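What follows is each chain in one-letter form.
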Amino acid sequence: MFSNKDVLDTIAMVEKEHLDIRTITMGISLLSCVRDSAEETARKVYDLVCRKAENIVKTASDLSGEYGIPIVNKRVSVTPVSIITAAFPEKAPLVGKALDEAAATPGIDFLGGYSALVHKATADYERIFIRTIPEVLASTKRLCASVNVGSSKSGINMEAVKMLGEVFKEAATLTKEQDGIGAAKLVAFCNAVEDNPFMAGAFHGVGEGDTVVNVGVSGPGVVKHALEQIPNADLTEAAEMIKRTAFKITRAGQLVAKEAAKRLNAQFGIVDLSLAPTPAIGDSVAAILEELGVETVGGHGTTAALALLNDAVKKGGVMASSRVGGLSGAFIPVSEDIGMIRAAEAGKITLDKLEAMTCVCSVGLDMIAIPGDTPATTIAAMIADEAAIGMINNKTTAVRIIPAIGKKVGDQVNFGGLLGRAPIMPVHECDSSRLIHRGGSIPAPIHSFKN
Amino acid sequence: MRAVVTVTGKDNKGIIAKVSAFLAEKGVNIEDISQTIMGKYFAMIMVVDLSESKEELSALAQECSEMGKKIGMTIYMQHEDIFNAMHTV
């Protein structure tokens, strides 16, 4: 039985430390919607998503009321659209727009799955599909796209990497009036996971069931508060404290995930143990690293502190949940974390340091604004670097980078809401085009051959 | 179904009476109650049974919160499972 202190602690976590369930994401398989034509497929997709998703918002609101814990986002992920539109890839945007309309149910903020998995090679239909991404992201509101360009098992598809550099640039150009928000809804992955509940990279893998509920927990503020109670503890004790805190947060996620799945007649998928920051004060992953002892995030020691944090979150969370998955770790998006924004504005954190941090955290170069005149081949080279880190280290890495068209270092982009704002960060100006134009693929590493 | 009602705020006369009268009116039975005063700060935690209440927990929680505002206190009503989940192994 819990004590009175436990009750008051939980309430303080919600009231003062921003404890919340970051997202309930319903994964829906669209494989049963494939028809002879794009029009008919789009209609089926619209009907299915509307029917399945109609109760997500109410269920989340009921659970939030009953448990007294806010559930911030209600989302949907679907089977990669490139697969269900393989017979008519040039018309894939019809399905994308149908999905966006289906997600217009009040309360659903994003729908992920306008995606292609091309980690080994790009099929003809996928090549056409990927080229539709910028226009679809520019003409929809809630739809998110992702492309898996590499994996530890298959290497890195450099043709896809090159194409993604161009796609990022075009997505930003088509939405330049809104600071390039198209690019903020697009992710290039290496080792993409099939059950990630977080946007913009969520999609419902083909190995998944019909309808699944995945939940992403959060709570950087809770972890920071716990560390503030032991300012002079050594790092072993700090790691223990993070583990214990992650356990509590994840248990809340597990409870909500199981109950949500039951009420939505869906399978309980996974709990994603991620610390996801928001631009709100007190909800920052950077602030945890600074509480551990780095003066400003980006300084020497940041990678070590992040490694400790990421690992302790996983260890605490794994015991708290019967099924763990997704990305599970600490997120380091620049625009969505007030500590990161400040460090970037002060020039204390660089792209190179962020890249190093992605070797030990759960994602990659996330929500970083770069000068609009950055060549597509340079963006492709950043994607290749990140994919290489993921491939060699058997982890998921991602790139969600925003070329701010017409802007330069010193300016900023502002998306508002959860996506936040980001100062334009400098990139290396040396030319990477020869590497990118070589094409082909980077072979899988020797340690991937485990059979 | 059991829930936990937490009442916090500045100490004042008649808080327990007002809250328990409100709960009785809603068909909510108080099973356990503990209360402390820290300085001028009042904190009361009650374990309640909702089996005879006609309303859903989420609606009751909302009403408790609104009733709390009227008497200048913060009131939460939460399913006990959240505390069991977070604080017991």
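Worth saying up front: this structure is predicted, and the values here are computed from it rather than measured.

Could you clarify how one ought to interpret the overall build of chain B in this entry?
Counting secondary structure elements, chain B contains three helices and four strands. Going from the N terminus to the C terminus, chain B shows its helices and strands as β-α-β-β-α-β-α. For a compact globule of 89 residues, the expected C-alpha radius of gyration is about 12 Å, and chain B comes in at 13 Å, within 12% of that figure. Each principal axis of the C-alpha distribution contributes one length, and for chain B these read about 35 × 30 × 20 Å. Sequence separation of at least 24 residues holds for 65% of the intrachain contacts in chain B that already meet a minimum separation of 6.

Is there a simple way to think about the overall build of chain A in this case?
In terms of helices and strands, chain A carries 16 helices and 13 strands. Against the compact-globule benchmark of 22 Å for 451 residues, chain A has a radius of gyration of 21 Å, which places it among compact chains. Each principal axis of the C-alpha atoms in chain A carries an extent, and together these give about 60 × 50 × 50 Å. Within chain A, buried positions represent 60% of all 451 residues. By sequence separation, contacts in chain A at least 24 residues apart represent 79% of the contacts at least 6 residues apart.

Quick question: what am I supposed to make of the nonpolar core here?
Soluble, globular proteins show a tendency: their nonpolar side chains are buried together. With 181 residues, the main nonpolar core has Val149(A), Leu164(A), Ile368(A) and Ile383(A) as its most contacted residues. Not counting chain neighbours up to four residues away, the residues in contact with Val149(A) comprise Val118(A), His119(A), Ile156(A), Asn157(A), Ala160(A), Val161(A), Leu164(A), Ala188(A), Phe189(A), Cys190(A), Ile383(A) and Ala387(A).

Where do I start with the pairing of strand E3 (residues 108–117) of chain A in this structure?
Along any regular strand, the residues point their side chains to alternate faces of the sheet. Residue and element names in this part refer to chain A. Judged by how many residues are buried, E3 sits mostly within the fold: nine of 10 residues are covered. Where strand E2 (residues 71–78) meets E3, four bridges bridge the pair, whose relative direction is parallel. Within E3, the position partnered with Val-76 by the bridge is Leu-111. Both E3 and strand E4 (residues 143–151) contribute to a ladder of six bridges, which runs parallel. Bridged to Tyr-114 within E4 is Ala-145.

How do you make sense of the packing of helix H10 (residues 235–263) of chain A against helix H12 (residues 302–320) of chain A when you look at a structure like this?
Packed helices, taken two at a time, are described by their axes: the angle between them and the distance between them. Residue and element names in this part refer to chain A. Contact geometry of H10 with H12 gives a least axis separation of 7 Å together with a crossing angle of 45°. In terms of axis orientation, H10 runs oblique to H12. For the crossing formed where H10 meets H12, the hand is right-handed. For the pair formed by H10 and H12, the contact residues are Leu-235, Ala-239, Ile-242, Lys-243, Arg-244, Thr-245, Ala-246, Phe-247, Thr-250, Arg-251 and Gln-254 on the first element and Leu-308, Leu-309, Ala-312, Val-313, Lys-315, Gly-316, Gly-317, Met-319 and Ala-320 on the second.

How should I be thinking about the environment of Ala287(A) in this particular structure?
All names here are of chain A. Note on placement: Ala-287 falls in helix H11 (residues 285–292). For the pair Ala-287 and Leu-435, spaced 148 residues apart in the sequence, the C-alpha separation amounts to 37 Å. Excluding residues that lie within four positions of it along the chain, Ala-287 makes contacts with Lys-224 and Gly-339.

I'm lost on the environment of Gly317(A) in this one. Help?
Residue and element names in this part refer to chain A. Turning to its location among the elements, Gly-317 is positioned in helix H12. The class of Gly-317 is buried, set by 27 C-beta atoms lying within 10 Å. Apart from residues lying up to four places away in sequence, Gly-317 is in contact with Ala-246, Phe-247, Thr-250, Leu-273, Val-324 and Ser-328.

Looking at this structure, I do not really get the interface of chain B and chain A. What am I missing?
Think of interface size as the accessible area that goes away when the parts come together; that is how it is often given. Listed by partner, the interface residues are 20 residues for chain B and 18 residues for chain A. Elements that contribute at least two residues to the side of chain B that touches chain A include exactly strand E1 (2–10), strand E3 (41–49), helix H2 (57–70), strand E4 (74–79) and helix H3 (80–87) of chain B. Per element, the largest residue contribution to the side of chain B that touches chain A is seven residues, and it comes from H3(B). Counted by class, the side of chain B that touches chain A contains 10 nonpolar, nine polar and one charged residues.

How do you make sense of the sheet that holds E4(B) when you look at a structure like this?
Strand-to-strand pairing in sheets goes through backbone hydrogen bonds, with the strands running parallel or antiparallel. Residue and element names in this part refer to chain B. Spatial ordering of the open sheet is given by E2-E3-E1-E4, a layout of four strands whose pairing is antiparallel. Strand pairing shows two members of the sheet lacking a second neighbour, strand E2 (29–38) and E4, which therefore form its edges. Taken over all neighbouring pairs, the strand axes of this sheet differ in orientation by 15° on average, direction set aside. Of the pairings in the sheet, the one linking E2 to E3 comprises nine bridges and is antiparallel in character. Its bridge partner being in E3, Asn-29 is matched across the sheet by Asp-49.

What is the right way to read H2(B) from this model?
Each α-helix turn comprises 3.6 residues. Residues three or four places apart therefore point the same way. Its 14 residues place the ends of H2(B) 20 Å apart at the C-alpha level, agreeing with the 20 Å of an ideal helix rising 1.5 Å per residue. Along H2(B), the residues that are buried comprise Leu60(B), Ala61(B), Cys64(B) and Gly68(B). Each buried residue of H2(B) sits inside an arc of 100° when the element is viewed along its axis, so together they form one side. Set apart from the buried face of H2(B) by more than 90 degrees, the exposed residues are Glu66(B), Lys69(B) and Lys70(B). Next to the buried residues of H2(B) lie helix H3 (56–67) of chain A together with E1 and E4 of chain B. Once H2(B) ends, the next one or two residues include Gly72(B), with phi positive near 75°.

Hey, could you run me through the pairing of E4(B) in this one?
All names here are of chain B. For E4, the tally of buried residues reaches five of six residues, placing the bulk of the element in the interior. Where E1 lies against E4, six bridges are found, and the strand directions are antiparallel. When the bridges of E4 are listed, Thr-8 appears paired with Thr-74.

Honestly, the confidence of the model for chain B in this entry has me stumped. Any pointers?
For any part of a model where pLDDT is low, the fine detail of the predicted coordinates should not be relied upon. All names here are of chain B. The share of residues in chain B with pLDDT of 70 or more is 100%, and the mean pLDDT across the chain is 93. By mean pLDDT, the top-scoring element of chain B is E4 (96), and the lowest-scoring one is E2 (91). Across the whole predicted complex the pTM is 0.93, and at the interface the ipTM reaches 0.91.

Thresholds, definitions, all that
- Each chain has its residues counted from 1, following the order in which its sequence is written.
- Starting at A for chains and at 1 for ligands, labels are handed out in the order in which the entities are written.
- Thresholds applied to this predicted model are a pLDDT of at least 70 for local features of residues and 80 or more for the giving and counting of side-chain atom pairs; totals over whole chains, interfaces and linings are not thresholded and use all residues.
- In DSSP terms, a helix is any run of H or I states spanning at least four residues, a strand is any run of E spanning at least two, and both are numbered starting from the N terminus.
- For the radius of gyration, the atoms used are the C-alpha atoms, and the globule rule reads 2.2 Å times the number of residues raised to 0.38.
- This entry defines residue contacts through backbone-placed C-beta atoms, with two residues in contact when those atoms are within 7 Å.
- Buried residues are those with 20 or more other C-beta atoms within 10 Å of their own C-beta, exposed residues have 12 or fewer, and partly exposed residues lie in between; C-beta atoms are placed from the backbone.
- Nonpolar core, as used here: buried Ala, Val, Leu, Ile, Met, Phe, Trp, Tyr and Cys residues forming one set through C-beta atoms within 7 Å.
- Pairing between strands is defined by DSSP: at least two bridges between the two strands are required.
- Helix axes are fitted only over the stretch in contact, all axes being lines through C-alpha atoms; the angle between N-to-C directions runs from 0 to 180 degrees.
- When describing relative orientation, an angle under 35 degrees is termed roughly parallel and one over 145 degrees roughly antiparallel, while 65 to 115 degrees is termed roughly perpendicular and anything else oblique.
- Should the near helix be turned counterclockwise from the far one by less than a right angle, the crossing is left-handed, whereas a clockwise turn marks it as right-handed.
- Residues were grouped as follows: Ala, Val, Leu, Ile, Met, Phe, Trp, Tyr, Cys and Pro as nonpolar; Asp, Glu, Lys and Arg as charged; and all remaining residues, including Gly, as polar.
- Multiply 1.5 Å by the residue count of a helix minus one, and that product is the helix's expected span.
- Throughout, the arc means that of the directions going from the helix axis to the C-beta atoms.
- Residue-level confidence of the predictor is what pLDDT reports, using numbers from 0 through 100.

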